[in-house]
Structures are given as structure tokens and as C-alpha cells.
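Analysis of the macromolecular model
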Amino acid sequence: MEQVEWPRRGRARVVGVVGARGGVGASVLAACVADRLSRRTATALVSLDRAAIGLDLLLGMEGATGARWPDLAAARGEVDGADVVRLLPRWGSCAVLGPGRAEPGLPDDDVVSDVLDGLGGVLGAVVLDLDRRALLAGAAPPVDSALLVVPRDLAGVAGALAVLAAIRDVPTLLVVRGPAPGGLGASQVAQALGAPVAGLWRTDRRLAASVEHGGLRVAGRTARVATTAVRALDGVVR
């Protein structure tokens, strides 16, 4: 994949969230972090994962009116971020930009770049649900900081090492996810990766039920780890 040249950001604080491997809950954490940030500033949650099933399903927004990525396919050049925000559906106080209901994937890279630049100029925070495969291929938008969700197993640590190598210039905090089948501790994960831990995400039995019955609800252990992660991000120098 050809590396994308992303333009300079606006004033928004841009946080990227990515998983060490698939299925570890990075999209859930991105949504919960966006929810927490939206309580203090205007925030957008944006999916950049070309293969994801979509934020609509995760958040229970299948019937919500508003623009998705396919609707912005003609947005190029100087994109008015305020206009884009007005077009987007909302999940609570957070604007959401994800793939289309029947059209997974994203528009051309230059469209994505221009839209993100526009949003960055008018919002206080943008949370990006990043595409791990794109990162590993060398294509990533600029972020101020990143959260890397790492399961407590050797495969997760190996995947995390590859992601960290791809975003080595970005201040990155770990969210370590349990359980640990082989007894690998969070401190061992942090030591192996050489990165600080922003939160421990233990099994939340209510999480799957909330997603399958009306959409993600930011509550319980998942809410607490998102709050802890945001506090840790506050300590990261931009």
C-alpha cells in the first residue's frame, strides 16, 4: 500500500485507537473514549477500518439518519468541517462517521484525508478507530496519541510489537485486556512492549449483551477503563 501524505491537523486533539490483533475490542474502546471526551468538548468518532462491520451495528444506530463515508465521496480540497459535523448522525453528544450500511470500506484516501482535516479544524477532539492492517502497511493519519488494546497472551504481545513499530513516533499507551489464559500479567506485557499501561480491561459480561440489545452502553468495567484511559491521555504531551 502506498503511504498516504496526510495534511497538518487543525486544533482538535486527535486520539487513535487500535488493537494488537482483531477481535480485542478496539472499536468498543474508541467509542467509549469518544463518549468520555464528548462530555468536555465537541467530539467526533471516526472509523478508518476498511474491513469493519461498522459503527452503526456496534452503537445501535442502523436507523439513524445522517451521512456516512459513502455520502462524503465528493468531499475534496478545503472541506468545511462544520458542514460535515452537521451532516453526521449522533450517538449521545458525539458525532459519528462510519461506513455505509450497504457499502463497507472508505472513499479514496485523499477524501478521507480532507474530511479529517476539516473535522480537525472545528472540533475539540477526534477519536479514530484505526485500521491495524493499514498501519502495518505504512498508511496512518497523524494522531497526537494512541491507545493500543493488547490481550494478555503471546500472540497479542507479538501483534502489539508490530503495531508499535509502525507508529513508533506516536506516544502510545496500552490498554491491557484480560483474561490471561497463560497467566501473563499486565506488568509483563508492559515490560515486553516498553510502553506504559493506561488501563486494565477485565472481562465485562454486560458488554456483549448491550451491543446485541440496542447498542453499546458505556457502563460498568468498560466505562471505567475508558475513563482511566482518558485521564492517562491527559498526561501525554502533545
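As a reminder, the structure under discussion sits directly above these lines.
Quick summary incoming for the structure in this document. (Residues numbered from 1 in each chain as written. Predicted model: local features only at pLDDT ≥ 70, side-chain atom pairs only at ≥ 80, totals over all residues. Heavy atoms only, no water.)

A look at helix 9 (residues 220–234)
With 15 residues, helix 9 extends 22 Å from end C-alpha to end C-alpha; this agrees with the ideal 21 Å at 1.5 Å per step. Listing the buried residues of helix 9 in full gives Gly220, Thr222, Ala223, Val225, Ala226, Ala229, Val230 and Leu233. Elements in contact with the buried residues of helix 9: strand 1 (13–19), helix 1 (26–37), strand 6 (145–151), strand 7 (172–177), strand 8 (197–201) and helix 8 (205–212). (Helix = DSSP H or I, 4+ residues; strand = E, 2+ residues; numbered from the N terminus. Expected span 1.5 Å × (residues − 1). Buried < 20%, exposed > 50% of the residue type's maximum accessible area, 1.4 Å probe, protein only. Contact = heavy atoms within 4.5 Å.)

As for the pattern of salt bridges
Tallying each qualifying case throughout the model produces 12 salt bridges. One network of salt bridges, in which partners are shared, links Arg13, Arg40 and Asp234. (Salt bridge = Lys/Arg side-chain N within 4 Å of Asp/Glu carboxyl O.)

Quick look at the packing of helix 6 (residues 154–166) against helix 7 (residues 186–193)
At their nearest, the axes of helix 6 and helix 7 sit 10 Å apart, and the two run at 35° to each other. The hand of the helix 6/helix 7 crossing is right-handed. Where helix 6 approaches helix 7, its residues Val157, Ala160, Leu161 and Leu164 are matched on the opposing element by Val189, Ala192 and Leu193. Looking at the contact of helix 6 with helix 7, its residues break down into 7 nonpolar, no polar and no charged. (Axes fitted to C-alpha atoms, helices over the stretch in contact; angles between N-to-C directions. Left-handed = near helix turned anticlockwise from the far one by under 90°. Nonpolar A, V, L, I, M, F, W, Y, C, P; charged D, E, K, R; others polar.)

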